[in-house]
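# Observations on chain architecture
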Amino acid sequence: MDIYKIKRGLDLRLTGEAQHSVVEAKPSSEYALRPLDFLGVTPKVLVKEGVAVLAGTPLFVDKATEKVKFVAPVSGIVTNVERGDRRKLLSIRIQPDSVQAAKTFEIPASNQRNAENITALLLESGLFAYLRQRPYDVVPSPDVAPRDIFVSAFSSMPLAADFSFVAAGQEEDFKAGIAALAHIAKVHVGVNPEQLNTKLLPIEANNVDVACFKGLNPAGNVGVQINKIAPVNKGEVVWTLSPELVIVIGRLLRTGQVDFTRTIAVAGSEVATPQYVKVKIGAKLSDVLADNLKPSNHNIRIINGNPLVGEKTSLEDFLGAHVTEVTAIPEGDDINEVLGWICPRFNQFSVNRSYFSWLLGKKEYNLDSRIKGGHRHMIMSGEYESVFPMDIYPSYLVKAIITGDIDQQEALGIYEVAPEDFAPAEFVCSSKQELQRIVREGLEILRKENA
């Protein structure tokens, strides 16, 4: 087993980490599947309002191929096909049945599995839509075979869910999912040192490699692991997927049905009882949080995901397709500080030791969502490079994206990155640049140019 030490990065300790206890969320009155969660897809709707569906029934397909299906997370009645400007599909909403039923799929025998029938099963069951590919960080094309498949079995982001705890009791489904993916291409599984002595290992399957990553965030990002193990070159395609989806694949192979139940972390300083919640994809966030927010007289930011890469949302929104945590932190829009940033303090985090809080060692911080500064010109200070562990020059790559220099973007490694890889750099950016948005726009332009 190879061991990689990540020395450049940023560990951010926030208050409100989820404790290792699980409760089951009450069934939502409404579930939704949102096409915006699946990047690189042009949806074609297959259902109408009032139609009854089973869990696993296709709701829409990707218009480009119509092979990639997006299926209902629950059984029930389609109540709303929500559209926005220019009839853009925003969501398909389902009122769930009181007794859930799921579509059954034909599972190939273990001794007859190969790349073709496993890929066909993923496409038919709708699980293929939850894969991502590098380059571009979009839903992959089923017509292009991947060079490798990468799975990171942990996340080092602040307030992220502990996958070892989430997977407790489901380790065999995880291993079965990895073994099935190994029929398609070589699978690389990234773990942290704490997972070496757990039931997640060993994975006794052919065509599977396990590597250990330790060090600073973003050591758990699959992009960092790809960069260290086998970087993506122009013309190559690799697939990535979350470890939670691997469990869903293993569950499908065992039962013949798709079950989108997952255990997510509900965390943050504004959560009364930070804990894990068992819930289905697409559930309403008001049911996920279930009166678990602290009473307060200030505004709260609800985040679909973790604070660095999640999406700002509200209680009326729905759990994202790829989300493994829901967090709540102060908005901070009602704070007016005397002397502003120049005021000495012990309870605010600073990368460059502008505050005295660094004297207190490793402590947890209750941060709000303020950026604490205005948008300004980029200065080549090396601050991105100090928290960016990949063998890429992030400052120059961001500038190449802003200026639209495609040749320079390719030379600087844009095919290897995803927006989440720039999350620590965005957090420390003194110029207050929206790096993740810039990288996403650059990837979309490059994908259209190469189409």
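It should be noted that the structure appears before, not after, this text.
Note that this is a predicted model, so its numbers are computed, not measured.

Taken as a whole and assessed by the stated rule, the structure comprises 29 salt bridges. Linking Lys69 and Glu124 is a salt bridge whose minimum nitrogen-to-oxygen distance equals 3.0 Å. Placement of the pair is Lys69 in strand 7 (residues 69–71) and Glu124 in helix 1 (residues 115–125), with a sequence separation of 55 residues. Exposure remark for Glu124: the relative accessible area of 34% places this residue in the partly exposed category. Between Arg147 and Asp148 there is a salt bridge, with its nearest N and O atoms 2.4 Å apart. Accessibility expressed as a relative area gives 28% for Arg147, which makes it partly exposed. Residue classification places Asp148 among the buried positions, given a relative accessible area of 8%. Look at the salt bridges and you will find they share partners, linking Arg132, Asp137, Arg440, Glu444 and Arg447 into a network.

Evaluated as defined, the whole model comprises 1 cavity of 30 Å³ or more. What the largest cavity holds in volume is close to 50 Å³. Lining the largest cavity are Met378, Ile379, Met380, Ser381, Gly382, Glu383, Tyr384, Glu385 and Ser395. Here the element with the most residues in the lining of the largest cavity is helix 7 (residues 383–386); it accounts for 3 residues. For the lining of the largest cavity, the residue count by class is 4 nonpolar, 3 polar and 2 charged.

Moving on to the sheet that holds strand 12 (residues 186–191). Strand order in the open sheet formed by 6 strands is 1-13-12-11-14-10, with mixed pairing between adjacent strands. Whereas interior strands pair on both sides, the edge strands pair on one side only; in this sheet they are strand 1 (2–6) and strand 10 (132–134). Neighbour to neighbour, the strand axes of the sheet diverge by 25 degrees on average, direction disregarded. Sheet contacts for helix 3 (residues 171–181): strand 11 (148–152), strand 12, strand 13 (208–215) and strand 14 (238–241); angle to strand 12, the most-contacted strand, approximately 145 degrees.

Cut-offs applied
Residues numbered from 1 in each chain as written. Predicted model: local features only at pLDDT ≥ 70, side-chain atom pairs only at ≥ 80, totals over all residues. Heavy atoms only, no water. Salt bridge = Lys/Arg side-chain N within 4 Å of Asp/Glu carboxyl O. Helix = DSSP H or I, 4+ residues; strand = E, 2+ residues; numbered from the N terminus. Buried < 20%, exposed > 50% of the residue type's maximum accessible area, 1.4 Å probe, protein only. 1 Å grid on protein atoms, 1.4 Å probe; cavity = no way out; pocket = protein on both sides within 12 Å on 5 of 7 lines; lining within 4 Å. Points joined across faces, edges and corners; volume = space filled by probe spheres on them. Nonpolar A, V, L, I, M, F, W, Y, C, P; charged D, E, K, R; others polar. Pairing = 2+ DSSP bridges. Axes fitted to C-alpha atoms, helices over the stretch in contact; angles between N-to-C directions. Contact = heavy atoms within 4.5 Å.

These values are about where atoms sit, not about what they do.
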